Amino acid sequence: MLNKIIDFHTHPIFKPEQNILMYKDSYDFTIENFKENLLKSGISKFCGSVINPNKDSSVLEKVLDNNACAYKLCEIYEGDYIPGIHIHPDYIEESFNQIDEASSREVRLIGELVPYLDGWDYSHKGIHPILDYAEKKGMIVSVHSTDSDALDSWLREHPNLIIVGAHPGDWSFFFKQLERLKKYDNYMLDISATGITRFGMLKKLVDEIGSKRILFGSDYPSCDPNVFISGVLQNPLLSDSDKENILFKNAQRLLNIKI
Ligand SMILES: [Zn+2]
């Protein structure tokens, strides 16, 4: 039955500065309506990090605050929200602490990490000890994808760590993603943001790598989840079992989500 959807890629809002809605004058988000909109669209569980595009405050303060807000929202949403935490390669020890805190709360997701919002780059050497630690702790890492080869080094050097790239992308970027998926079994892809509007994109992915490494994600509230739901559910080129894998089974397996 195609009646379950887990949105692997969202960015819940606890404070106004964490709101990444593009047309802010058109809609007022509250903690309540953020979730109600998802439920109305048929999404029952949602995952992801709280992000804050503001670059004025101290970055460590911002990272810790985003994580604290994610835990508060997790309580408010009573298990329907699976939080993702931030780490930061400038602060290795503090990142270990954040992973320990997550583990103690049975939170297994790191990210979505969005390096450009927190002033670091994929080639930052400090990321590797943190990924080592995440690997040991059985965490899953979601990251805003890039065509930089630095992301390939994350996958190569941490073969037992599952890394989920966000956004299939278009044209040459899409083919770079596909090449990575074929090369690294520990790489998965969420279908949020760019890519879904190209007819046949999902069919191409499923043909090349199967449907078990593709996750439904929207990037709500930056993007509209309904576009992505329709892109999977009403897709004439996919089998029902592929749709099930993408819509919820893969996320359920990865993060042990009860649905
Ligand atoms: Zn995102």
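Rules and cut-offs
- Residues numbered from 1 in each chain as written.
- Predicted model: local features only at pLDDT ≥ 70, side-chain atom pairs only at ≥ 80, totals over all residues.
- Heavy atoms only, no water.
- Buried < 20%, exposed > 50% of the residue type's maximum accessible area, 1.4 Å probe, protein only.
- Helix = DSSP H or I, 4+ residues; strand = E, 2+ residues; numbered from the N terminus.
- Arc of directions from axis to C-beta.
- Contact = heavy atoms within 4.5 Å.
- Pairing = 2+ DSSP bridges.
- Expected span 1.5 Å × (residues − 1).
- Right-handed = clockwise from strand over helix to strand, strands pointing away.

Trainee: Sorry if this is basic, but what is going on with helix H7 (residues 201-209) here?
Mentor: Since the α-helix packs 3.6 residues into each turn, any two residues three or four apart lie on the same face. Here H7 has its buried residues at Met-201, Leu-202, Leu-205, Val-206 and Ile-209. Viewed along the axis of H7, the buried residues span an arc of 130 degrees, placing them on a single side of the element. Looking at the packing, one finds that the buried side of H7 touches helix H6 (171-183), strand S7 (187-190), strand S8 (214-215), helix H8 (225-233) and helix H9 (240-255). Once H7 finishes, Gly-210 follows within two positions and takes phi at roughly 80 degrees, a positive value.

Trainee: In this structure, what is going on with the sheet that holds strand S1 (residues 6-7)? I would like to understand it.
Mentor: Pairing between the strands of a sheet comes from backbone hydrogen bonds, and it takes one of two forms, parallel or antiparallel. Pairing within the open sheet is parallel, and its eight strands lie in the order S1-S2-S3-S4-S5-S6-S7-S8. Each of the sheet's edge strands pairs with one partner strand only, and the pair in question is S1 and S8. Where strand S6 (residues 162-166) and S7 come together, four bridges link them in parallel fashion. Directly across from Ile-163, in S7, lies its bridge partner Tyr-187.

Trainee: Hey, could you run me through helix H3 (residues 92-104) in this one?
Mentor: Given a rise of 1.5 Å per residue, 13 residues ought to cover 18 Å, and the 18 Å separating the end C-alpha atoms of H3 matches this to within 8%. Taken residue by residue, H3 has Ser-95, Phe-96, Gln-98, Ile-99 and Ala-102 as its buried positions. The arc that holds every buried residue of H3, seen down its axis, measures 160 degrees, which confines them to one face. With respect to the buried face of H3, the exposed residues turned more than 90 degrees away are Glu-93 and Ser-104. At its buried positions, H3 is contacted by helix H2 (59-76), strand S3 (81-85), strand S4 (109-113) and helix H4 (127-136).

Trainee: I'm lost on the pairing of S6 in this one. Help?
Mentor: Residues in a regular strand point their side chains to alternate faces of the sheet. Counting buried positions along S6 yields four of five residues, so the element is predominantly enclosed. With five bridges connecting them, strand S5 (residues 140-144) and S6 associate as parallel partners. Paired with Ser-142 across the strands is Val-164, a residue of S6. Considered for its hand, the β-α-β crossover made up of S5, helix H5 (residues 149-157) and S6 is right-handed. Crossover handedness for the path S6 to H6 to S7: right-handed.

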